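# Breakdown of the fold
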Amino acid sequence: MKENTPQQNVTEPDPKFIAQQLRKPSGNFALNVGQKMNLVNKPLYDLTYDVIELDENDHILEIGFGTGKFFGKLFDLNSKIKVRGLDYSEKMVEAASKANEDLISNGKLDLKLGNSNSIPFEDQTFEKVFCNMVIYFWDEPEDHLNEIRRVLKPGGLFYSGHRTRESMMVFPFVEHGFNLYSIQEWKEILNENEFTIQQIHKRFDPQIEIDDNKLQLESCCILAGK
Ligand SMILES: C[S@@+](CC[C@H](N)C(=O)[O-])C[C@H]1O[C@@H](n2cnc3c(N)ncnc32)[C@H](O)[C@@H]1O
């Protein structure tokens, strides 16, 4: 990432600042970081959307939707679903609401500001909950996983998308507050929190170039049942 950060007035944003922005985009840099996330995380959304099986009238929750760029594609999979989103970044809720005005005005999509350790929905509301690139920021994952279990209907499914520890280690910012997991470690945490692992999907992303380095990340989507 080469952009200037007004907060620091230097040419290279420092890794700690990038980590804070990825955790919770805020201030002038938020939209910039959001656009980068869209680019880098598109292959993970592609994987999640290839894996997710949507039934008509499914009620779906996405946690940590960022700019909300990928909601449209979710409705391309099934136009009859209802989708709700939760993100604790005011800037992201604002950007995603603007980017999805039509879906929101026709009642198909509703976006809320809030933390996934206290999900503002009734018990047993959703058939499916998913999140991409969010689990790293859950310092106490059990609080978030309990909430996800609570809002899932019996037999509901949780799809957690992330890049593996090995993939993420190439980024200097992960030293600043990222909880990284191997697939095995994340599976164990899901199991400890009473989820049953149903499927594990892995796929190498197309190669990307960041700061003149060519990278190939590995996307992973773990499907767990309540
Ligand atoms: C790295 S970004 C990923 C955004 C998008 N899912 C993607 O893959 O491009 C993490 C997003 O999750 C949100 N987030 C992180 N922790 C959260 C929490 N506890 N509750 C709600 N949103 C959270 C952040 O505000 C941010 O929008």
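Quick caveat: nothing in here was measured; it's all calculated off a predicted structure. In this numbering scheme, every chain counts its residues from 1 along its sequence in written order. Local features in a predicted model are, by the rule used here, given only for residues with pLDDT of at least 70; side-chain atom pairs are given and counted only at 80 or more, and totals for whole chains, interfaces and linings are based on all residues. Heavy atoms throughout the structure, all of them, feed into the side-chain values; hydrogens and water do not.

### So, unusual backbone geometry
Backbone geometry places M133, a non-glycine residue, at a positive phi of 60 degrees. Not every positive phi belongs to a glycine, and E194 is a case in point at roughly 65 degrees. Between buried and exposed lies partly exposed: a residue is buried under 20% and exposed over 50% of the maximum accessible area for its type, with that area taken using a 1.4 Å probe on protein chains only. On the basis of relative accessible area, E194 is assigned to the exposed category, the value being 54%.

### Description of the state of the cysteines
Disulfides are defined as pairs of cysteine sulfur atoms found within 2.5 Å of each other. Summed over all chains, the structure comprises zero disulfides. Considering cysteine sulfurs only, C221 is the nearest to C220, which forms no disulfide, with 7.1 Å between them. Overall, C220 belongs to the buried group, its relative accessible area being 0%. When its relative accessible area of 0% is taken as the criterion, C221 is described as buried.

### Details of the site of the ligand
Each residue is tested against the molecule or strand, and it is near if at least one of its non-hydrogen atoms lies within 4 Å. Around the ligand, the structure places 22 residues, and the nearest of them are N41, Y45, G64, D87 and N132. Contact between the ligand and G64: a nitrogen atom at 2.7 Å from a main-chain N or O atom of the residue. Polar contact is the term for a pair of N or O atoms within 3.5 Å; when the atoms are in protein, one must be able to donate a hydrogen and the other to accept it, and sequence-neighboring residues count only if both atoms are side-chain atoms. One nitrogen or oxygen atom from the side chain of N115 is found 2.9 Å from a nitrogen atom belonging to the ligand. Taken by itself the ligand offers 590 Å² of open surface, and the protein chains cover 98% of this. In DSSP terms, a helix is any run of H or I states spanning at least four residues, a strand is any run of E spanning at least two, and both are numbered starting from the N terminus. At the level of elements, α1 (15–23) and α2 (30–51) are the ones that each hand at least two residues to the shell around the ligand. The greatest single-element share of the shell around the ligand, amounting to three residues, is contributed by α2. Nonpolar residues are Ala, Val, Leu, Ile, Met, Phe, Trp, Tyr, Cys and Pro. Charged residues are Asp, Glu, Lys and Arg, and all others, Gly as well, are polar. Residue classes in the shell around the ligand are distributed as 10 nonpolar, nine polar and three charged. Shrake-Rupley sampling with a 1.4 Å probe provides the accessible areas, and residues are treated as covered by the protein chains on show and by no other component.

### With respect to the packing of aromatic side chains
Each aromatic ring pair is characterised by the separation of its centres together with the angle its planes make. Aromatic pairs are defined between Phe, Tyr and Trp rings, using the six-membered ring for Trp, whenever the two ring centres lie within 6.5 Å; interplanar angles under 30 degrees are classed as stacked, those over 60 as edge-to-face, and all others as tilted. Scanning the model with the defined rule gives 14 aromatic pairs in all. With centroids separated by 5.7 Å and ring planes inclined at 55 degrees, the aromatic side chains of F65 and F71 adopt a geometry described as tilted. Each of the two residues, F65 as well as F71, counts as buried. Taking 5.0 Å as the distance between ring centres and 70 degrees as the angle between the ring planes, the aromatic pair formed by F137 and F178 counts as edge-to-face. Taken together, the residues span a long stretch of sequence, with F137 in the loop between β4 (126–132) and α6 (141–151) and F178 in the loop between α7 (165–168) and α8 (183–192) at a distance of 41 residues. Among the residues examined, F178 registers a relative accessible area of 10% and is labelled buried. Ring pairing ties together the aromatic residues Y136, F137, F171, F173 and F178, which thus form one cluster. As a reminder, the over-ring test applies to NZ of lysine and CZ of arginine, requiring each to be within 6 Å of the ring centre and within 35 degrees of the ring normal. Directly above the aromatic system of Y88 lies the positively charged group of K24, at a separation of 4.6 Å from the ring centroid.

### Some thoughts on the environment of F29
Structurally, the position occupied by F29 is in the loop between α1 and α2. Residue F29 is classed as buried on the basis of its relative accessible area of 2%. Sequence separation between F29 and I18 is 11 residues; the distance between their C-alpha atoms is 9.4 Å.

### Side note on the nonpolar core
Of all hydrophobic cores here, the largest spans 46 residues; its most connected members are L22, V83, F130, Y159, M168, F173 and F178. Counting only elements with at least two residues in this core, the list comes to α1, α2, α3 (71–77), α4 (90–99), β3 (109–113), β5 (152–163) and β9 (218–225). In terms of residues, this core owes the most to one element, α2, which gives nine residues. For this analysis, residues touch if any pair of their heavy atoms sits within 4.5 Å. In this structure, Y159 is in contact with V51, I52, E53, K128, V129, F130, C131, C221, I222 and L223, ignoring residues within four places of it in sequence. Within the second largest apolar cluster, 25 residues are counted, among which are L61, L86, I135 and F195. Nonpolar core, defined: a set of buried Ala, Val, Leu, Ile, Met, Phe, Trp, Tyr and Cys residues in which side-chain atoms within 4.5 Å join the residues together.

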